[in-house]
Amino acid sequence: RVLPKLRNVFPNLLYFIVGNGSYRETLEKQTDELNLRDCVRFLGPSSDPLPYYAAADLFVHPSNIRGKWVETFGISILEAGACGLPAIASRESGAREIIDHGKTGLLIDEESETELSQAITSLLQDPSLRDKMGKAAREKVVSELTWDRCLDDLENAFRNSISAAQKSSRVQAV
């Protein structure tokens, strides 16, 4: 719904939607109703999304809450960060675990079209900020959010839990 306004400022704007999901039909209908077929591309599923990330200036993933379901962690946001893209996502989701607001991307209220439009505009109008955030996103993913790091953190959590349980059982036995 924010694309018509953005097109007034960015007439060459293209919006890629990669993948299929239960909302595709709704999004295609909305695209037609808003006369946006010339700037929205429904690309379908991809086993290799890398070319799409490489072609993008930023990654937008604003909607995460569907009824009572909340996306707990956005792998696509992680992939975008690994490709050096700043992301815009809902602060009501697991995205806040990945995105450092103002540093690696922007977190918005998913219900606010104004916030979404402002976030996209700010990053498209400021290539140096977009580049800075993209580099910071990549650095965060590479240094903090790898599978090896996640496994190390999980192992440490288990060790701490076991240690705390052992100390607790010794205190109770005394």
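Position labels on residues start from 1 in each chain and follow its written sequence. Local features are withheld for residues below a pLDDT of 70 in this predicted model, meaning they are given only at 70 or higher, and side-chain atom pairs are given and counted only at 80 or more; totals for whole chains, interfaces and linings count all residues. Side-chain numbers come from the whole structure's heavy atoms, not from hydrogens or water.

With that settled, the discussion passes to helix H4 (residues 75–82). For H4, the complete set of buried residues consists of Ile77, Leu78, Ala80 and Gly81. Taken down its axis, H4 places every buried residue within 160 degrees of arc, on the same side. Contacts from the buried residues of H4 go to helix H3 (50–55), strand S3 (59–61), strand S6 (87–90) and helix H6 (127–144). Segments assigned H or I by DSSP are reported as helices when at least four residues long, segments assigned E as strands when at least two residues long, and all are numbered from the N terminus. Directly after H4, the chain includes Gly84, whose backbone phi takes a positive value near 80 degrees. Relative accessibility under 20% of the residue-type maximum defines a buried residue, over 50% an exposed one, and the middle range a partly exposed one, all with a 1.4 Å probe and only protein chains included. Here the arc refers to the directions that run from the helix axis out to each C-beta atom. Residue contacts are defined here by distance: any two heavy atoms, one from each residue, within 4.5 Å place the two residues in contact.

It is worth spelling out the pattern of salt bridges at this point. In what follows, salt bridge is the name for a side-chain nitrogen of Lys or Arg lying within 4 Å of a carboxyl oxygen of Asp or Glu. Evaluated as defined, the whole model comprises eight salt bridges. One salt bridge in this structure joins Arg37 and Asp32, with 2.6 Å as the shortest N-O distance. Among the salt bridges present, the one from Glu155 reaches Arg159, with a minimum N-O distance of 2.5 Å. Of this pair, Glu155 and Arg159 both sit in helix H7 (residues 147–173), four residues apart, which is roughly one turn of the helix.

To continue, consider the nonpolar core. Counting 21 residues, the largest nonpolar core has Leu6, Val40, Ile88, Leu116 and Ile120 as the members making the most contacts within it. Looking at this core, the elements that each hand over two or more residues are helix H1 (3–9), strand S2 (40–44), strand S7 (105–108) and helix H5 (113–125). Among the elements that line this core, the one with the most residues is H5, at five residues. Once residues lying within four places of it in the same chain are set aside, the contact partners of Val40 are Leu3, Tyr15, Ile17 and Thr31. Residues Leu78, Ala80, Ile99 and Leu145 belong to the second largest nonpolar core, which totals 14 residues. In these notes, a set of buried Ala, Val, Leu, Ile, Met, Phe, Trp, Tyr and Cys residues joined through side-chain atoms within 4.5 Å is what counts as a nonpolar core.

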